[in-house]
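Notes for the structure review
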Amino acid sequence: MSQSLIRAISARKNQFGIGLYNRCSCYSRQFHSQWHIIAPNHYKHSSSVRPRNGFCSVSSNGVIDTNLSSDGNTIDIEDDVSCESSNPKVVYKKPIDFTKIDAKLLPTVMIIGRPNVGKSALYNRLIRRREALVYNTPDDHVTRDIREGIAKLGGLRFNVLDSAGIETEVSSGTILGRTTTMTANVLARTQFAILIIDVRAGLHPLDLEVGKWLRKHAPQIKPIVVMNKSESIGDSLAQVSSEALALGFGEPTAISAETGLGMTALYELLRPLLEDYMVEKLYHSCSQDDVPSDENLSAEIDESKLPLPLQLAIVGRPNVGKSTLLNSLLEEERVLVGPEAGLTRDAVRVQFEFQDRTVYLVDTAGWLERTDRDKGPASLSIMQSRKSLMRAHVIALVLDAEEIIKAQCSMKHSEVVIARRAVEEGRGLVVIVNKMDRLKGKQHSEMYKKIKEAVPIEVQTVIPQITGIPVVFISALEGRGRLQVMTEVIDTYKRWCSRLSTGRLNRWLIKVMSRHSWKDSASQPKIKFFTQVKARPPTFVAFVSGKTQLLESDIRFLTRSLKEDFDLGGIPIRIIQRAVARTAPKTSGGGGSGSGTGRSSGGRVVKKSNSDKRTVSV
């Protein structure tokens, strides 16, 4: 319906008693412009509405809707679920199109089980990417944190969580005890669960313990039991299936997360459960608060004006407080923390909102130089940390204040490698000095001042490729400096995305070339043109006349001048030079045969033609 028709109907609503309602805000924005005209209750028209594509429409006695058949008759409603309020009646139809629903409203499915049964492999299968680390470690846990992603199983879309292996007979202070506690806390906010058992090992006693643990911590959830690693099991599959009935959660389903076997059966089990949940969820989400007023009927959200999402990777050596910093930024216990070095293995990616901007935080494993001795999960963690660095927009390099005092230097070799790798990849860089709370008291006041003065200078000396690197001093454990970190990250990201107009750059070039002291006029580079060709990071092209080339000192001078004059500190700047061919000397105008371009006595450019010996003015 056009905007002019909407305004016309709104203007006549007082005369005919007709109001306007839009569809629920719980759907994607492309459906917000589909309006339904609702007549008040005293207009008794017999009509009904059947929604299309599983989206809610409005129905009541007296509805004029476009969801009518071509002959003008109403469409019958079958298998619809409706909710009644004071005015409208909202109707939903199954099957629901999950691809059109906002990700924040999607149901959550958690994958649980004892260690080494294939939880991370199933997680990778559902999200269609190899994100979670998968390694055969019967005596150890590979996954320690909760990973979250959007599962794509046929037409279904839902939030899927990968959890650490559950062991109930461990003390609360150990790593396994803390991971089990974290899993229980997240499971309390989950709607569904998939319980995995290893069909090759049969029904293990730990599987029964996990079942009891699940009834205790999430009695409202009845999990779907799946038997993983079923690709090469023959006659013993029926025996394991009968044994799994002892869990008390129904008949299990045979799958193979590695090969994709049984994903269709898993889809058939999840689809009715998720659809029923979404119907109830949308029932409560559609309320009068979602209905717009007459003043903002034509108002729509301009997505082009929304801030761009930011990818922030938190990197550093082991045990410097990266995971604690992530929890501090999120203001919740999202990842596992503790005094043990190398606690984080998976690169955990978390989304949150800061100042109306979507930020994707990535907590990486401790950065170590990879050696031949590093095998298994440690080697995979190092590789994953490097991939996270290349995908990020801004790198937050975390340093340890205590280690700086002990070593009497700001950055060790591995931290210098991280910083230089970030510069080479063209990423923004923010240095964070953590654990400043350890320097409290009068006995540490002098050392506190020295660190705040010396670290920025040493960082700039070690990384000369970038000037003006922001350095933030925080205490992630106490939450001090959290807002300052995000402010510096956002400012660095804005500089990283900045663009400068060509006219402004060339006016700047004239001034900056004139204020530099050259040895002589011959040594001064002849830059004809200067322009920015891309951002993220800012990349410029200098067009140099002839075969002369800019020296490294000339490029450093231009780079430093750009950062100082346009406030581009903390980000790498790239300058590319291209040669502009010199024009051939022009011959003087006059008579004579032959083609060419000449200049007449009056200064007018003429073009000579060989065909009829006539000159044509240009």
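Residues numbered from 1 in each chain as written. Predicted model: local features only at pLDDT ≥ 70, side-chain atom pairs only at ≥ 80, totals over all residues. Heavy atoms only, no water.

Here's the deal with the overall build of the chain
- When helices and strands are tallied, the chain shows 15 helices and 24 strands.
- Burial analysis of the chain (618 residues in total) assigns 48% to the buried set.
- Taking the contacts inside the chain whose residues are at least 6 apart along the sequence as the reference set, 68% of them involve residues at least 24 apart.
- Total accessible area on the chain stands at roughly 31,500 Å², and carbon and sulfur atoms take up 50% of it. (Helix = DSSP H or I, 4+ residues; strand = E, 2+ residues; numbered from the N terminus. Buried < 20%, exposed > 50% of the residue type's maximum accessible area, 1.4 Å probe, protein only. Contact = heavy atoms within 4.5 Å. Areas by Shrake-Rupley, 256 points an atom, 1.4 Å probe, with all protein chains shown as cover.)

A few points about the packing of aromatic side chains
- In total, this model carries six aromatic pairs according to the counting rule given.
- For the pair Tyr493 and Trp496, a centre-to-centre distance of 6.1 Å together with 35° between the ring planes defines the contact as tilted. Within this pair, Tyr493 and its partner Trp496 are both found in helix H13 (residues 482-496), separated by three residues, close to a single helical turn.
- Owing to a relative accessible area of 2%, Tyr493 belongs among the buried residues under this scheme.
- Judged by relative accessible area, Trp496 falls into the buried class, the value being 2%.
- Ring geometry for Phe530 and Phe540: centres 5.7 Å apart, planes at 10°, overall stacked. In this pair, Phe530 sits in strand S19 (residues 527-534) while Phe540 sits in strand S20 (residues 539-545), placing the two residues 10 residues apart along the sequence. In this structure, Phe530 and Phe540 share a single accessibility class: buried.
- The rings of Trp508, Phe530, Phe540 and Phe566 are connected pair by pair, giving a single aromatic cluster.
- Over the face of the ring belonging to Tyr360 we find Arg349, whose NZ or CZ atom lies 4.1 Å from the ring centre. (Phe/Tyr/Trp six-rings, centres within 6.5 Å; stacked < 30°, edge-to-face > 60°. Lys NZ or Arg CZ within 6 Å of the ring centre and 35° of its normal.)

Thoughts on the pattern of salt bridges
- According to the stated counting rule, one finds 17 salt bridges in the structure shown.
- A salt bridge links Arg178 to Glu340; the nearest nitrogen and oxygen atoms lie 2.9 Å apart. Taken together, the positions of Arg178 in helix H4 (residues 175-187) and Glu340 in the loop between helix H8 (322-330) and strand S14 (348-354) put the pair 162 residues apart, joining distant regions of the chain.
- Here the residues in one salt-bridge network are Arg129, Glu131, Arg147 and Asp346, joined through shared partners. (Salt bridge = Lys/Arg side-chain N within 4 Å of Asp/Glu carboxyl O.)

Describing the pairing of S19
- Looking at chain direction, S19 and S20 are connected through six bridges and run antiparallel. Residue pairing in the sheet places Phe530 in a bridge with Ala542 of S20.
- The antiparallel hairpin formed by S19 and S20 contains four residues in its connecting segment, where Arg536 sits at a positive phi of about 60°. (Pairing = 2+ DSSP bridges.)

Considerations on the side chain of Thr180
- With respect to the element layout, Thr180 can be found in helix H4.
- Here the side chain of Thr180 touches Leu176 through a polar contact of 2.9 Å, landing on its backbone oxygen.
- Apart from the residues within four sequence positions on either side, Thr180 is in contact with Gly165, Ile166, Glu167 and Trp213. (Polar contact = N/O pair within 3.5 Å; in protein donor to acceptor, adjacent residues only side chain to side chain.)

Let's talk about the sheet that holds strand S10 (residues 192-198)
- Read across the open sheet, the six strands follow the order S8-S9-S7-S10-S11-S12; overall the sheet is mixed. One side of each edge strand has no neighbouring strand; the edge strands of this open sheet are strand S8 (147-153) and strand S12 (253-254).
- The pairing of S10 with strand S11 (residues 224-228) spans five bridges and is parallel. Bridge pairing links Ile194 to Ile224 in S11.

A few points about empty space enclosed by the protein
- What the rule picks out here adds up to one cavity of 30 Å³ or more.
- The computed volume of the largest cavity comes to approximately 40 Å³.
- Forming the walls of the largest cavity are Arg317, Leu399, Asp400, Glu403, Ile404, Ala407, Cys409, Ser410, Lys412 and Glu415.
- Elements supplying a minimum of two residues to the lining of the largest cavity: strand S16 (394-400) and helix H10 (401-407).
- By residue number, the principal contributor to the lining of the largest cavity is H10, which donates three residues. (1 Å grid on protein atoms, 1.4 Å probe; cavity = no way out; pocket = protein on both sides within 12 Å on 5 of 7 lines; lining within 4 Å. Points joined across faces, edges and corners; volume = space filled by probe spheres on them.)

Focus on the environment of Lys387
- Mapped onto the fold, Lys387 is located in helix H9 (residues 377-391).
- Under the relative-accessibility criterion, Lys387 is labelled partly exposed at 42%.
- When the C-alpha atoms of Lys387 and Ala347 are compared, they prove to be 9.5 Å apart, with 40 residues separating the residues in sequence.

A short note on the environment of Leu380
- Residue position: Leu380 is located in helix H9.
- Linking Leu380 and Ala365, residues 15 residues apart in sequence, is a C-alpha distance of 9.9 Å.
- With residues up to four places along the chain from it excluded, the contact list for Leu380 reads Leu133, Val134 and Tyr135.

Focus on unusual backbone geometry
- A cis amide bond links Arg536 with the next residue in sequence, Pro537, at an omega value of 0°.
- Of note, Lys229 is a non-glycine position whose phi angle comes to about 65°, a positive value.
- For Lys229, a relative accessible area of 19% puts it in the buried group.
- A positive phi angle, close to 60°, is found at Asp356, a residue other than glycine.

Observations concerning the environment of Ile405
- Positionally, Ile405 belongs in helix H10.
- Sequence separation of Ile405 and Leu439 is 34 residues, and the distance between their C-alpha atoms is 10.0 Å.
- Once residues lying within four places of it in the same chain are set aside, the contact partners of Ile405 are Leu439, Met447 and Ile451.

Concerning a positive patch on the surface
- A contiguous patch of positive charge on the surface is contributed by Arg499, Lys534, Arg536 and Arg574.
- Secondary-structure assignment places Arg536 in the loop between S19 and S20.
- The exposure class of Arg536 is partly exposed, given its relative accessible area of 32%. (Patch = residues over 30% accessible without salt bridge, like charges linked within 9 Å, V, L, I, M, F, W, Y side chains within 5 Å. Lys, Arg positive; Asp, Glu negative; His and termini not counted. Charge placed at Lys NZ, Arg CZ, Asp CG, Glu CD.)

Regarding helix H6 (residues 236-244)
- For H6, the complete set of buried residues consists of Val240, Ser241 and Ala244. Here the buried residues of H6 occupy an arc of 105° about the axis, which is enough to place them on one side.
- Against S10 and S11 lie the buried residues of H6. (Arc of directions from axis to C-beta.)

A look at the packing of helix H14 (residues 502-515) against helix H15 (residues 552-566)
- Packing of H14 against H15 leaves a shortest axis separation of 11 Å and a crossing angle of 115°. In terms of crossing hand, the pair formed by H14 and H15 is right-handed. Along the contact surface, H14 presents Arg504, Leu505, Trp508, Leu509, Val512, Met513 and Arg515, while H15 presents Phe557, Leu558, Ser561, Leu562, Asp565 and Phe566.
- Here the contact of H14 with H15 is composed, by residue class, of nine nonpolar, one polar and three charged. (Axes fitted to C-alpha atoms, helices over the stretch in contact; angles between N-to-C directions. Left-handed = near helix turned anticlockwise from the far one by under 90°. Nonpolar A, V, L, I, M, F, W, Y, C, P; charged D, E, K, R; others polar.)

So, the confidence of the model for the chain
- This prediction gives the chain a mean pLDDT of 77; 72% of its residues lie at or above 70.
- Confidence drops under a pLDDT of 50 for residues 8-87, and excluding neighbours within four residues, the segment shows 174 contacts in the predicted structure.
- For residues 291-301, every residue scores under 50 in pLDDT, and the model assigns this stretch 15 contacts once sequence neighbours within four places are set aside. (pLDDT = per-residue confidence, 0-100.)

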